[in-house]
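Listed here are the chains, written in short residue letters.
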Amino acid sequence: MNKFDGLKLAVKRLCSDKTNIVLIILLTICSTIIIFGISYYISIKNFWNDWLNNSYDFRLHLVMYDPEITNQEKLIQQLSEQKLDDVFTYPEYSIFGYALEFQNDSVDGETRIIGTVPNTKKIIKGRDLESNLYEIICPSNFLPKSNIQNKEYDASLEVDMSSYLNGKLTLNVFYSNYNDNAIDFKIVGLYDESYDYSNTNVCYTNHETIKSINQKYQPLLFEDDYPIYILINESTNLEEIRNIDGVEDVVQMKTIKTSVGDDILKVTLILSYVSIFASFIIIILIFKKRFENRFREYGLMLALGYTRKDLKVINLFEIIVTLSLSLILSILISYILAYIFPTIILKNDMQLSKLNINIELVPLIISIIVSFIILLLINICIIRKLKKSSIKSAIGE
């Protein structure tokens, strides 16, 4: 028997035996769980790592100091000599308000404006910040809504800011003691919020603008020595900063919130274990039935003149076809899940909805090995049993 005849016979047997279809389905489920589950885990870990390294919020630290040992002005000078992206005080940090241009039934217009320095954002339209007061850069997809932090994010409500470039944004600042608190800003640039994981309701201006607004509305902020803010980068040595005379501690402003991702990882792991365990139980039951049918079938084939070598060739082709079908299906399903998971399952989370799940090579190889071992063990057991039995016992005579 040539190899082509062996392949034809293997395909014919696969199509005629319903247990093979069930086996392919189960192997597809197991492979999909392995491929997508591990790929999701790797993607979410990489996402968190990039978020920690690039996000403004996670790079922002507070420098706590003892005013009896050093003073704010001296410490700011010392910090300016360190490898930092920015050094500033609390009155230069940020303001909140409502953007009047964007208030409607769907969004309340809440916007935050943070003080920063040039070259900290990836500008995609317009220009970066300069020394001019009351100029801002905003995210290209703007969502001025206060409850986006409460997992009520809706990407369909985002505003394309292209038409607002070089236009005005009027911010009604949150200062209850003043009635005349509407401030006009000029939008000079749009930045890519996905580049450094910025919130979509945050615009940036220079520190002098924030400082001048707070001097007008909150002059008491300038009477106390608040902690100093620093924006670190990959070259920053926090231990060096902690060793500066008078520095008590350097505290990260925001720690990563991974509850959504952790919960999904836990659910994914539980479903994976349950599904794989259930699949193995069903595969064992199929194996028992398949063993009885194949043992009798191989006896008849030997009686008809097929050699044991022919049976091994047919078995090998059957393994290859079964493995190929289940693998193709599992890869296809994994890619579909990778596409719909962020857009459907994670759609209410502002950051994770932008997660890019890449199907990794490692889980693909693992799924091939696991599936191949399962199929190989099933067929080896049948062949070994057949070697120890006569043709008559195999066909039940």
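Shown above is the structure to which this text applies.
Cut-offs and rules
Residues numbered from 1 in each chain as written. Predicted model: local features only at pLDDT ≥ 70, side-chain atom pairs only at ≥ 80, totals over all residues. Heavy atoms only, no water. Helix = DSSP H or I, 4+ residues; strand = E, 2+ residues; numbered from the N terminus. Expected span 1.5 Å × (residues − 1). Bend = angle between axes of the 7 residues up to and from the residue. Pairing = 2+ DSSP bridges. Axes fitted to C-alpha atoms, helices over the stretch in contact; angles between N-to-C directions. Buried < 20%, exposed > 50% of the residue type's maximum accessible area, 1.4 Å probe, protein only. Contact = heavy atoms within 4.5 Å. Arc of directions from axis to C-beta. Polar contact = N/O pair within 3.5 Å; in protein donor to acceptor, adjacent residues only side chain to side chain. Salt bridge = Lys/Arg side-chain N within 4 Å of Asp/Glu carboxyl O. Phe/Tyr/Trp six-rings, centres within 6.5 Å; stacked < 30°, edge-to-face > 60°. Lys NZ or Arg CZ within 6 Å of the ring centre and 35° of its normal. Parallel < 35°, antiparallel > 145°, perpendicular 65-115°, else oblique. Left-handed = near helix turned anticlockwise from the far one by under 90°. Nonpolar A, V, L, I, M, F, W, Y, C, P; charged D, E, K, R; others polar.

Caption draft 1: Main features of helix H8 (residues 308–345). With 38 residues, H8 should reach 56 Å at 1.5 Å per residue; the first-to-last C-alpha distance of 51 Å fits that figure. The largest bend in H8 is about 30°, located at Tyr339, with the proline Pro342 one to four residues further on.

Caption draft 2: Molecular detail of the sheet that holds strand E13 (residues 247–252). If you trace the four strands from one edge of the open sheet to the other, you get E2-E12-E1-E13, paired in antiparallel fashion. The sheet terminates laterally at strand E2 (86–89) and E13, the two strands that pair on one side only. On average, adjacent strands in this sheet sit at an angle of 25° to one another, irrespective of strand direction. Both strand E1 (residues 60–65) and strand E12 (residues 228–231) contribute to a ladder of four bridges, which runs antiparallel. Considered in E12, the bridge of Leu60 is made with Leu231.

Caption draft 3: Representation of unusual backbone geometry. For Tyr134, which is not glycine, the phi torsion reads 60° and is therefore positive. Of note, Tyr134 is situated in the loop between strand E5 (123–126) and strand E6 (135–139). Its relative accessible area of 29% is what places Tyr134 among the partly exposed residues. In this model, Asn166 sits at a positive phi of 70°, which is unusual for a non-glycine residue. Among the secondary structure elements, Asn166 is positioned in the loop between strand E8 (159–160) and strand E9 (168–173).

Caption draft 4: Structural detail: the side chain of Ser55. Structurally, Ser55 can be placed in the loop between helix H2 (18–54) and helix H3 (56–59). Every residue in contact with Ser55, bar those within four places of it in the chain, is listed here: Asp50, Asp196 and Tyr197.

Caption draft 5: How the structure looks around helix H5 (residues 207–217). Within H5 the residues assigned to the buried category are His207, Thr209, Ile210, Ile213, Asn214 and Tyr217. Buried positions in H5, seen along its axis, are confined to an arc of 165° and lie on one side of it. Turning to H5, the residues buried within the fold contact E2, strand E3 (94–99), strand E4 (110–116), strand E10 (182–191) and strand E11 (202–206).

Caption draft 6: Structural detail: the environment of Tyr191. Residue placement: Tyr191 occurs in strand E10. On a C-alpha basis, the gap between Tyr191 and Asp128 in space is 8.7 Å, while along the polypeptide they are 63 residues apart. Among residues more than four places away in sequence, those in contact with Tyr191 are Lys121, Lys122, Ile123, Ile124, Ile137, Cys138, Pro139, Ser140, Ser198, Asn199, Val202 and Tyr204. Among the polar contacts listed, one links the side chain of Tyr191 to the backbone oxygen of Val202, at a separation of 2.6 Å.

Caption draft 7: Representation of the pattern of salt bridges within the structure. Under the definition given, this model contains six salt bridges. Taking the shortest distance from any N to any O, the salt bridge between Glu130 and Arg127 comes out at 3.7 Å. On the basis of relative accessible area, Glu130 is assigned to the partly exposed category, the value being 43%. The partner of Arg127 in a salt bridge is Glu135, and the shortest N-O contact between them spans 2.7 Å.

Caption draft 8: Representation of the environment of Ala182 in the model. Position of Ala182 relative to the elements: it lies in strand E10. Residue classification places Ala182 among the partly exposed positions, given a relative accessible area of 44%. Separated by 84 residues in sequence, Ala182 and Tyr98 place their C-alpha atoms 9.1 Å apart. Residue contacts for Ala182: discarding those within four places in its chain leaves Thr170, Leu171 and Asn172.

Caption draft 9: Geometry of the packing of aromatic side chains. Counted by the stated rule, this structure contains 14 aromatic pairs. Each ring, one from Phe36 and one from Phe341, has its centre 5.4 Å from the other, and the planes form 70°; the classification is edge-to-face. In this pair, Phe36 is assigned in helix H2 and Phe341 in helix H8, connecting sequence segments 305 residues apart. Comparing Phe36 with Phe341 shows no difference in burial state: the two are buried. Of note, Lys121 hangs over the ring of Tyr191, and the distance from its end group to the ring centre comes to 5.2 Å.

Caption draft 10: Expanded view of the packing of H2 against H8. Remark: H2 packs on H8, axes separated minimally by 7 Å, with the N-to-C direction vectors making an angle of 45°. As far as their axial angle goes, H8 and H2 are oblique. As H2 runs across H8, the sense of the crossing is right-handed. Looking at side-chain class alone, the contact of H2 with H8 contains 13 nonpolar, eight polar and one charged residues.

So far we have only geometry, and geometry alone does not tell us how the molecule works.
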